[in-house]
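In case you want the letters, here they are:
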Amino acid sequence: SFAFSEFYNRCFDAARLVVSKAALRLNLCCVARDEREPDVWNRAQLLEYHPETDQCSLLLVDLGTWQECVPRTHLRHILVPFQLEIVRSVPCRLAG
């Protein structure tokens, strides 16, 4: 995820990568800024969009975790090289 963060933190034309309301759709692959660590970006899949608050629920694919109440303005379109990288998490379920 270092390559993602490095690119999105230094992108000179970041405004063109912001995901507009018109471009939102379920299962959209994107990158999302981590609010706790603003310099960290993660690959994400859009699970829900809440137009009344302009916020999203995401699955962070490389971490295998969900994140709710993410402002749409924290999403960026993902570039093809980043989208093609292998997923670094393995879903599992513990019995009991």
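The rules behind the values
- Residues numbered from 1 in each chain as written.
- Predicted model: local features only at pLDDT ≥ 70, side-chain atom pairs only at ≥ 80, totals over all residues.
- Heavy atoms only, no water.
- Helix = DSSP H or I, 4+ residues; strand = E, 2+ residues; numbered from the N terminus.
- Rg over C-alpha atoms; globule rule 2.2 N^0.38 Å.
- Contact = heavy atoms within 4.5 Å.
- Pairing = 2+ DSSP bridges.
- Axes fitted to C-alpha atoms, helices over the stretch in contact; angles between N-to-C directions.
- 1 Å grid on protein atoms, 1.4 Å probe; cavity = no way out; pocket = protein on both sides within 12 Å on 5 of 7 lines; lining within 4 Å.
- Points joined across faces, edges and corners; volume = space filled by probe spheres on them.
- pLDDT = per-residue confidence, 0-100.
- Buried < 20%, exposed > 50% of the residue type's maximum accessible area, 1.4 Å probe, protein only.

1. Some words on the overall build of the chain
Move 1: Along the backbone of the chain there are two helices and five strands.
Move 2: In the chain, the succession of helices and strands from N to C terminus is α-β-β-β-β-β-α.
Move 3: Since a compact globule built from 96 residues should have a radius of gyration of about 12 Å, the 13 Å found for the chain is in line with a globular shape.
Move 4: The C-alpha extent of the chain, read off along each of the three principal axes, is 50 × 35 × 25 Å.
Move 5: Here the contacts in the chain between residues at least 6 apart in sequence split such that 49% fall between residues at least 24 apart.

2. Remarks on the sheet that holds strand E2 (residues 41–50)
To summarise the sheet geometry, strands pair through backbone hydrogen bonds and adopt either a parallel or an antiparallel arrangement.
Move 1: Read across the sheet, five strands follow the order E4-E3-E2-E1-E5 without closing on themselves; strand pairing throughout is antiparallel. Since the sheet does not close on itself, it has two edges, and those belong to strand E4 (65–71) and strand E5 (75–77), each with one partner. Across the sheet, the mean angle separating the axes of adjacent strands is 45° when strand polarity is ignored.
Move 2: As paired elements, strand E1 (residues 29–33) and E5 share three bridges and run antiparallel to each other. Paired with Val 31 across the strands is Arg 76, a residue of E5.

3. Re the layout of surface pockets
A water-sized probe, rolled over the atoms, reveals where empty space remains.
Move 1: Counted as a void, the largest pocket has a volume near 160 Å³.
Move 2: For the largest pocket, the full set of lining residues is Leu 59, Val 61, Leu 63, Gly 64, Trp 66, Val 87, Ser 89, Val 90 and Pro 91.

4. Things to note about the pairing of E1
Move 1: Bridging between E1 and E2 involves five bridges; their strand directions are antiparallel. The residue of E2 that forms the bridge with Arg 33 is Trp 41.

5. Quick word on the confidence of the model for the chain
Move 1: In this model, the chain carries an average pLDDT of 85, and 94% of its residues clear a pLDDT of 70 or more.
Move 2: Looking at the elements of the chain, mean pLDDT is at its lowest for helix H1 (residues 2–10), recorded as 77, and at its highest for strand E3 (residues 55–60), recorded as 94.

6. Some remarks on unusual backbone geometry
Move 1: Even without glycine at this site, Asp 54 takes up a positive phi of about 55°.
Move 2: For Asp 54, a relative accessible area of 18% translates into the label buried.
Move 3: With a phi angle near 60°, Cys 69 is a residue other than glycine that sits in the positive phi range.
Move 4: Here Cys 69 lies in strand E4.

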